[in-house]
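# A structural walkthrough
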Amino acid sequence: MRTRSNSGVRLDYYQRIIHKLILDHQQPVTGLFPASPQNDHAWIRDNLYCILAVWGLSMAFKKIADQDEDRAKTYELEQSCVKLMRGLLMAMMQQKDKVEKFKTTQHSLDSLHAKYSSTTGQIVVKDNEWGHLQIDAISLYLLILAQMTASGLQIVFSLDEVAFIQNLVFYIESAYCTPDYGIWERGDKTNHGLPELNASSIGMAKAALEAMNELDLFGARGGPSSVIHVLADEAQKCQAVLQSMLPRESNSKELDSGLLSIISYPAFAVDDPQLIAKTRDAIITKLQGKYGCKRFLRDGHKTPREDPNRLYYEPWELRMFENIECEWPLFFCYLILDYCFQGDKINGGEYMQKLEKIMIRKDDGIRLVPELYSVPADKADLEQSEPGTQERIPLGRCPFIWAQSLYILGKLLQEGFLAVGELDPLNRRLCSEKKPDVVVQIVILAEDNDIRDKLLEYDLHVQTISEVAPIEVQPARVLSHLYTYLGRNKKLGLSGRKSRDVGILSTSKLYSLNDRIFAFTPQFSDMKRFYIASDYELMVDTLKAEINFLKSSWQNLLGRPLVVLTLNKMHLDQGRIPMAMITTMKKLKSGYINGTRVTLGNLGEFLSTSAITNLSFLGSQEEGYPDKLNPQVQCYLEEHLLKSFSNKMSVLQRVPGAKHGRALRRRMSVRGAIKKTRSINVDSDTLGMEGEYVGPLLERKPSLLEVDPTHAGRSPSPEEAKKKVFTKGTSTTNLGVAPPTIEITKDQTSSPPKEVVNKSPPVLRNRTVSESQSVVYAEQETDELLAMLRETESLDEQGDILQYLVDTHGLDFNTDMLENGKVVTVKDLLKVLYEKACTQKLWGLVRHTAGMLGKRVEDLAKAVTDLLVRQKQITVGMPPNNEHTITAPLPENELRQLIHLAYGDDESTAMLTQELLVYLAMFIRTEPQLFLEMLRLRVGLIIQVMATELSRTLSCDGEEASEHLLNLSPFEMKNLLYHILSGKEFAINSVGRGNFSIVSNKSNRYGKKSQIVLEGQSLQGSIDETPMVEPDRQGQWLRRRRLDGALNRVPRDFYPRVWGVLEKCQGLIIQGKILQPHLTQEMTPGELKFALAVETVLNSIPQPEYRQLVVEALMVLTLVVEYKAVAHLGEAIEVELLVHKANQIFLEDQGLCNGDATLCCAKGAERGAALVCGGAAAVCQHLYDSAPSGSYGTMTYLARATAALLAARRPPGAPDAALDCTIT
């Protein structure tokens, strides 16, 4: 027998160790590993980590096979891996019904089990007896299955198993919004069984989705039917949420060492090298000790102070575990692998030494990694006072196979038996390398020759849809339907993909099906969906955002992204192609748009550079004809290609010869029915805003602002009719364009209704008139109203009449008209009105009718989920007393009900809320930095601030401002929201038709703020008449505070610093609510739950600018604590007293130096006049408008107030040393 080479001898040594510690325990029947000799439960996660060492060693033997028995050893080790992976697969396949159910419910009781019997593979505990929902475990299974398959192992044997694994992919698809129990199986750290969104689970799911994409489970022997398909957008959603969470693990854990598994081996889920380093550094500084790393802060598991008789902790107990948490050597193993993959031998070697120092040597000389090191009970107090000084004792399982296996991998890598590429055949470790810039390919197709010729006039050459044959162009909804056939399997009872959503990454590929090629237009350009899509400016804006998104998110995908857009008649504006579209197309033609490289061309040119996915799963595999299309798919495609647009109803067309001059009084009587439903409050009292327009302040409205304080409901009542008329205001229908004519046919003639264009001039109606001569109107017969409806051409008036009919009779009221032999209800009339308002761009009316028809924004649930999973809570409804908070994703219909409940009868604002949620979600996807330091988005308050800003810029009263707000086009609405979120100054230009455009103000000095001309009449006089004195400087800080307050923005690290203040006093009182000091016992400073508790108390302050001063006062207190000015702050502090004290000092100063405030609050000595300027919460307007810094800044006065408070609190008999009050 030949002598063994040194490496052979060394590998034989590792093989003995692996045999003794790992393979000896593998169950012969199932292939699973029990947790310990006494406990036969097999955890999915632990089993997968155990087998990694076996797989690593098999590849090491394969390389040095210098004798036949080495090849045999290789095969034997490989088959142990296959046996284990198949054992887990069989255990999960027995729960196939759960996988099917979970796809729709995502409920923890429907999840796959986290552990099985190692002897039988059956379940060992009931659904509700364990935190089974652990998405990271199933994801880890898929990830390791993909890596092992890529390395050449054959694990999956049949197409039924392929279908099951495809369904496991759907199972983890929604990881980014599914709270689970996580890697430590406990959810919230109090261990009460509350699942939460865990970064480690989301990262593992992202890695698994990317690894499984286009993977052939039969390896080199497979064909199209054994390939797994993943929609790239699902992995991208996990990526975005992960980026927003790290280095936080979840709401209750501000950090977790488990994150090492996703920033490095095995998942490599993070693309951003800086974020990887930030997370690793945070773990090393906050959690690492001499014996390993703590799992997370205040982890009570196996500490001497844990009560072994119960599973959960009381919240106040958690403080006891501080500094004595157990340390786990396991994380040294992760760090060793991390440094091996980075090629950093020095750090890798250091950690290996640290680890080997604390390993336990057995009699036979084998070193074992224990599970954890705990502080002995008698040394707990010493360790708590001086962390890291006491010796610890090993507890738990020894060897801890999960850690032992990773240790062996580390040794194999360090000794050169394995290369990192062998452990990662899919090259996941390269995902954080820099990649070349993405070039986005864009194809624009015209619906017909007519539109193509119109584009030619602008030197834009495009093809029509028919010219690109044989490539077929379809809307995104066809793709989403085709994907529902993926993963269907009758034998297993699995029904394919449930989610209907296909994102821009999926529609930016081409798809082949037998010999046909399909291109899909993106989801946002689908006109059938919602009114937002009929605003072409917004569509152009969305297109730019999506192109930008493709640039950042296409990094790890094949080919170049391809965006196909179609131009059809709907996009035309009075027969012309809108300029916004032309300018964008010219930009695209130039090759760059918003910093992204693009190339505009014909579809045929891009075939070779685009990614093409084979839709082979649409064949009839189960019937035995894999090459023939599934008959259902065949029917669907044929039917879809032939669909023509159904013609619109002609109900509201004008009756020939109807008398036009019918009494105008009736017209006045319905007027304002829609306006009575408004609830946007731009009221000086609740918003704490002074009336900037000349004239009496608005009266304080009851709760929500009804336009008419005397009307309680929505429908006008005759007794309370008011005769007051506003004459100013703009009319949305006075557009200089004759509105379309409307005709109603009674069922008198059998001939079809003729369309007659009526040439009479439109009757102008004033939208802001809020009177209703209901007296005349209440007795009127419904027929008369329908007659009016027939005569009037003003869409607004039709809106008011239909609003009244809905109020009195409901949506399903039969109007006695017929259309094609069918009864016409009020709802049908509303639909027609909605469509007309859309084409005429009367946005106020569009929003109102959309609300009455109960339309909902298509992506509403998705938008809300996008915001929530990035740790932003949402409230809807008008503050202060009608806000509803959304903290968890809800289904579409529940969301709509909640929003409509929050606004009562105000349909327009409810629709606006849905719209704003969609824009907020767009922003958080593309510009997450706008949302820094914001925890809760209060949509009601944002709407109020938007109206306030309009009233400020247009110098009109609140009622008009809310009217203007509801009439902004969706694009301008998004624009205004952007300016408010980013705090940029803006001016408003009128673009005729009662519409405004919002423009960023580059320079304060020359912004022509006053040239806001509406309907040809100037509101402020032109620039020449009134000399302008930098209008912006005044009111700038007040506005800034108001915006920050409304957006709940706080300074950086605000919440952890408040935690520090709370530790040093007996509570903080704000608006009568107390922040108790025991919160510091329950929560760590960086915990999200703590931040939310502080924010809830701050949110009880109704006026945004007052709230900001309270935040500033808290910041001054944090400085007192951080600079250790005093040892303890004493009893509970009323923060608002500080603000009022600061205001008092400010007014005294103003009186002394004869400042601006002498005109209002600082007049003479009488303090009773403190409300002269109408500042919020009796604080002078001029204090709100002071900059924070400077000798007259708010911080100076707050610091003086704080010094006064501390001086008053000094214990009697203290030495008379003056308190130093230095303000840096």
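Residues numbered from 1 in each chain as written. Predicted model: local features only at pLDDT ≥ 70, side-chain atom pairs only at ≥ 80, totals over all residues. Heavy atoms only, no water.

Within an unreviewed UniProt entry, the label attached to the chain reads Phosphorylase b kinase regulatory subunit, and the organism entered is Bombyx mandarina. According to the UniProt record, the Subcellular location (unreviewed entry) comment for the chain is "Cell membrane". (UniProt positions renumbered as here; feature names shortened; annotations may be inferred.)

## Things to note about the pattern of salt bridges
A complete count under the given rule lists 59 salt bridges for this structure. Between Asp459 and Lys589 there is a salt bridge, with its nearest N and O atoms 3.4 Å apart. Here Asp459, found in the loop between helix 16 (449–456) and strand 10 (463–464), pairs with Lys589, found in helix 20 (residues 579–590); they are 130 residues apart in sequence, far enough to count as distant. The class of Lys589 is partly exposed, set by a relative accessible area of 45%. Of the charged contacts, one joins Glu472 and Arg516 as a salt bridge, the two residues approaching to 2.9 Å between their closest N and O atoms. (Salt bridge = Lys/Arg side-chain N within 4 Å of Asp/Glu carboxyl O. Helix = DSSP H or I, 4+ residues; strand = E, 2+ residues; numbered from the N terminus. Buried < 20%, exposed > 50% of the residue type's maximum accessible area, 1.4 Å probe, protein only.)

## Looking at the sheet that holds strand 15 (residues 516–521)
On the basis of which strands lie adjacent, the open sheet formed by four strands has the order 11-15-14-19 and mixed pairing. Looking at the sheet topology across the chains shown, the edges are occupied by strand 11 (471–475) and strand 19 (612–614). Averaged over all pairs of adjacent strands, the angle between strand axes in this sheet comes to 35°, irrespective of strand direction. As paired strands, strand 14 (residues 510–513) and strand 19 are joined by three bridges and run parallel to one another. Note on strand 19: the bridge partner recorded for Ser512 is Asn614. (Pairing = 2+ DSSP bridges. Axes fitted to C-alpha atoms, helices over the stretch in contact; angles between N-to-C directions.)

## Section: the environment of Ile283
Relative to the helices and strands, Ile283 resides in helix 10 (residues 273–287). If sequence neighbours within four positions are ignored, Ile283 has contacts with Leu255, Asp256, Ser257, Leu259, Leu260, Gln288 and Cys293. (Contact = heavy atoms within 4.5 Å.)

## Brief notes about the nonpolar core
Met212, Leu330 and Leu406 are the most contacted members of the largest nonpolar core, which has 144 residues in total. Here Leu330 is in contact with Trp184, Phe400, Trp402, Ala403 and Leu406, once residues within four sequence places are set aside. The next biggest cluster of nonpolar side chains, apart from the first, holds 91 residues, and it includes Tyr834, Ala850, Phe931 and Leu977. (Core = buried A, V, L, I, M, F, W, Y, C linked by side-chain atoms within 4.5 Å.)

## Regarding the side chain of Asp1044
Position of Asp1044 relative to the elements: it lies in helix 35 (residues 1036–1046). Using a relative accessible area of 18% as the deciding quantity, one classes Asp1044 as buried. Not counting the four nearest positions on each side in its chain, Asp1044 is found in contact with Arg1049 and Gln1108.

## Notes on the packing of aromatic side chains
Going through the model one piece at a time under the given rule, you end up with 25 aromatic pairs. Measuring from ring centre to ring centre gives 5.8 Å for Trp184 and Trp328, while their planes differ by 40°; the resulting arrangement is tilted. With Trp184 in the loop between helix 6 (159–173) and helix 7 (199–212) and Trp328 in the loop between strand 4 (292–293) and helix 11 (330–342), this residue pair connects regions lying 144 residues apart in the sequence. The class of Trp184 is buried, set by a relative accessible area of 10%. According to the relative accessible area criterion, Trp328 is buried, its value standing at 3%. Measuring from ring centre to ring centre gives 6.0 Å for Phe518 and Phe520, while their planes differ by 15°; the resulting arrangement is stacked. Linked through ring pairs, Tyr49, Trp184, Trp328, Phe331, Tyr334, Phe400 and Trp402 together constitute an aromatic cluster. A cation over a ring is seen here: Lys253 above Phe296, with NZ or CZ 5.4 Å from the ring centre. (Phe/Tyr/Trp six-rings, centres within 6.5 Å; stacked < 30°, edge-to-face > 60°. Lys NZ or Arg CZ within 6 Å of the ring centre and 35° of its normal.)

## Describing the state of the cysteines
Scanning all chains against the criterion turns up zero disulfides. Take Cys177: it sits in no disulfide, and the sulfur closest to it among the cysteines is that of Cys238, at 8.6 Å. Cys177 gets classed as buried once you look at its relative accessible area, which sits at 18%. (Disulfide = S-S within 2.5 Å.)

## Focus on the sheet that holds strand 31 (residues 1068–1070)
The three strands are arranged 32-31-33 in an open sheet whose pairing can be described as mixed. Two strands close off the open sheet at either side, each with one partner strand: strand 32 (1073–1075) and strand 33 (1133–1134). Both strand 31 and strand 32 contribute to a ladder of three bridges, which runs antiparallel. When the sheet's bridge partners are listed, Leu1068 is paired in strand 32 with Leu1075.

## Considering unusual backbone geometry
Backbone torsion omega between Leu246 and Pro247 reads 0°, so that peptide bond is classified as cis. The residue Pro247 is located in the loop between helix 8 (232–245) and helix 9 (260–263) in this model. Put simply, Ala469 and Pro470 share a cis peptide bond, and its omega is 10°. Positive phi outside glycine occurs at Glu933, with the angle close to 60°. Along the polypeptide, Glu933 turns up in the loop between helix 31 (907–926) and strand 26 (936–938). When its relative accessible area of 30% is taken as the criterion, Glu933 is described as partly exposed. Here Gln1071, not a glycine, exhibits a phi torsion of approximately 50°, which is positive. On the accessibility criterion, Gln1071 (33% relative accessible area) is partly exposed.

## Observations concerning the packing of helix 39 (residues 1104–1122) against helix 40 (residues 1135–1153)
The contact between helix 39 and helix 40 brings their axes to 9 Å, and the two run at 100°. The angle between the axes of helix 39 and helix 40 places the two elements in the roughly perpendicular class. The segment helix 39 lies against helix 40, with Tyr1106, Leu1109, Val1110, Ala1113, Leu1114 and Leu1117 engaging Val1135, Glu1136, Leu1138, Val1139 and His1140. A class-by-class count of the residues in the contact of helix 39 with helix 40 yields nine nonpolar, one polar and one charged. (Parallel < 35°, antiparallel > 145°, perpendicular 65-115°, else oblique. Nonpolar A, V, L, I, M, F, W, Y, C, P; charged D, E, K, R; others polar.)

## Notes on helix 36 (residues 1054–1063)
The element helix 36 is extensively covered by neighbouring structure, given that seven of its ten residues are classed as buried. Those residues of helix 36 that sit buried are Phe1054, Tyr1055, Val1058, Trp1059, Gly1060, Val1061 and Leu1062. On its buried side, helix 36 packs onto strand 31, strand 32, helix 37 (1079–1082), helix 38 (1088–1098) and helix 39.

## Quick word on the packing of helix 30 (residues 892–902) against helix 31
Orientation of helix 30 relative to helix 31, taken along the N-to-C sense of each, is 130°, at an axis distance of 9 Å. One finds that helix 30 runs oblique with respect to helix 31. Read as a crossing pair, helix 30 and helix 31 show a hand that is right-handed. For the pair formed by helix 30 and helix 31, the contact residues are Arg896, Ile899 and His900 on the first element and Glu907, Ala910, Met911, Thr913, Gln914 and Leu917 on the second. Here the residues of the contact of helix 30 with helix 31 are counted per class, giving four nonpolar, three polar and two charged. (Left-handed = near helix turned anticlockwise from the far one by under 90°.)

## Observations concerning the confidence of the model for the chain
Summary statistics for the chain give a mean pLDDT of 82 and a share of 83% for residues scoring 70 or more. Ignoring residues within four places in sequence, the model shows residues 644–668, a span with pLDDT below 50, making 70 contacts including any to other chains. Ignoring residues within four places in sequence, the model shows residues 684–779, a span with pLDDT below 50, making 222 contacts including any to other chains. (pLDDT = per-residue confidence, 0-100.)

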